[in-house]
Amino acid sequence: MKLIISPAVRVLGIDVVLAVVRGANVSNKSQPLEKRKKEVMEQIQAIDASQSPILQAYRELYSPTLRDTFTPPAAHLINLIQRNGRLPNINTVVDCYNLVSARTQLSIGAHDIAHIQGDVSFRLTDGSELYTPLGEIAPVTVEAGEYACMDDKKILCRLDIKQCAETRITKDTTQFALYVQGNRETNRDYLEQALDQVCELIKDICGGNYEVL
């Protein structure tokens, strides 16, 4: 598997770092992870998402129509934490990368390798791509000219907003691709540090090992 970022996507200021995680045990919940969450809640609650240059740069990657509809994932997580005082529980892998996403204000995604065909690439859509959003059972169309994370056959994640249904992380997942996506307001070192943080957290909580590509 290779990570490919097209020149047209790099022009937008997007950079991505990716690792492959193998042998992690995905479970519903982990008490050590719940403790880690509580330890950083105060730090995340202090973030002013409306004034964050990083989060604003993600919003600027959306079309004007989508800016009224969607919120960058890290901003959404920060808002949930500030409103409810806690991070939602999905499963241990998703909770690990959501925690790092909220803390760093970066967009982070993970995809089950068993359902990835070919390489992982970030490129612009032409409107003909196959895409079934998480939570849906039928494909939907996407606008031409959006950036997306794709494999050789389908969209894995539209923009940084929502991943596809096929590659979601479940308790049956044995290996997955994990990436951190930056923008004009982030540098390579910051992305690599976040990738290391989330991979180490998953290793501590779920076991397994990882390789940075």
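Our structure is the block above this text.
These numbers were taken from a predicted model, which means no experiment stands behind them. Residue numbers here run from 1 along each chain, matching the order of that chain's written sequence. For a predicted model such as this one, the threshold for reporting local features is a pLDDT of at least 70, and the threshold for listing and counting side-chain atom pairs is 80 or more; totals across whole chains, interfaces and linings nevertheless cover every residue. Side-chain figures throughout are based on the complete set of non-hydrogen atoms in the structure, without hydrogens or water.

Peer 1: I'd like a rundown of the sheet that holds strand β2 (residues 16-22), residues and numbers included.
Peer 2: Strands are labelled as partners when DSSP assigns at least two bridges between them. For helices the rule is a DSSP run of H or I covering at least 4 residues; for strands it is a run of E covering at least 2, with both sets numbered from the N terminus onward. With antiparallel pairing, the 4 strands of this open sheet are ordered in space as β3-β8-β2-β9. Each edge of the sheet is formed by a strand with only one pairing partner; in this case those strands are β3 (107-112) and β9 (209-212). For this sheet the average axis-to-axis angle between neighbouring strands, irrespective of direction, equals 25°. Pairing geometry for β2 and β9, over 4 bridges, is antiparallel. Note on β9: the bridge partner recorded for V21 is Y210. Throughout, a residue-residue contact means that at least one pair of heavy atoms, one from each residue, lies within 4.5 Å. Inter-axis angles, ranging from 0 to 180 degrees, are taken between N-to-C directions of lines fitted to C-alpha atoms, where helices are fitted over the stretch in contact. Contacting β3 and β8 (175-181), helix α6 (residues 92-104) crosses the sheet at an angle of about 165° to β3.

Peer 1: Kindly report on the state of the cysteines, identifying the contributing residues and their values.
Peer 2: Note on terminology: disulfide denotes any pair of cysteine sulfur atoms within 2.5 Å. Under the defined criterion, the tally for this structure stands at 0 disulfides. For the unlinked cysteine C96, the closest cysteine sulfur is that of C206, found at 4.9 Å. Left without a disulfide partner, C199 is nearest to the cysteine sulfur of C96, which lies 10 Å away.

Peer 1: Talk me through the nonpolar core; I want residue IDs and the actual numbers.
Peer 2: Remark: nonpolar core denotes a set of buried residues (Ala, Val, Leu, Ile, Met, Phe, Trp, Tyr, Cys) joined through side-chain atoms within 4.5 Å. Exposure is judged per residue with a 1.4 Å probe applied to protein chains only, and the accessible area is read against the type maximum: over 50% gives exposed, under 20% gives buried, and values in between give partly exposed. Ranked by internal contacts, the top residues of the largest apolar core, which has 69 residues, are I44, F176, L178 and I202. Counting residues per element, this core draws most heavily on helix α7 (residues 188-206), which supplies 9 residues. Contact partners of F176, with chain neighbours within four places excluded, come to A19, V20, V21, A24, V93, A110, H111, D112, I113, I169 and I202.

Peer 1: Tell me about the packing of helix α2 (residues 31-45) against helix α5 (residues 73-84), and name the residues and values.
Peer 2: Where α2 contacts α5, the axes come no closer than 10 Å and their chain directions differ by 105°. Considering the angle they form, α2 stands roughly perpendicular to α5. The segment α2 lies against α5, with M41, I44 and Q45 engaging I78, I81 and Q82. By the convention adopted, Pro, Cys, Tyr, Trp, Phe, Met, Ile, Leu, Val and Ala count as nonpolar, Lys, Arg, Asp and Glu as charged, and the other residues, Gly among them, as polar. Grouping the constituent residues of the contact of α2 with α5 by class yields 4 nonpolar, 2 polar and no charged. Roughly parallel here means an angle under 35 degrees, roughly antiparallel means over 145, roughly perpendicular means 65 to 115, and every remaining angle is called oblique.

Peer 1: Please set out α7 residue by residue, giving values where relevant.
Peer 2: Expected span of a helix: the number of residues minus one, times 1.5 Å. Between the first and last C-alpha of α7 there are 26 Å, a value that for 19 residues agrees with the 27 Å anticipated at 1.5 Å per step. Where α7 is concerned, the buried positions are L191, A194, L195, V198, C199, L201, I202, I205 and C206. Relative to the axis of α7, the buried residues are bounded by an arc of 160° and lie together on one face. Here the buried face of α7 lies against β2, α2, α6, β8 and β9. What qualifies as a polar contact is a pair of N or O atoms within 3.5 Å, subject to a donor-acceptor requirement within protein and to the restriction that residues adjacent in sequence count only when both atoms come from side chains. Put simply, N187 is the residue that caps the front of α7, since its side-chain oxygen is 3.2 Å from the backbone nitrogen of D189. Immediately beyond the C-terminal end of α7, within one or two residues, lies G207, with a positive phi of roughly 80°. By definition, the arc is the one covered by directions from the helix axis to the C-beta atoms.

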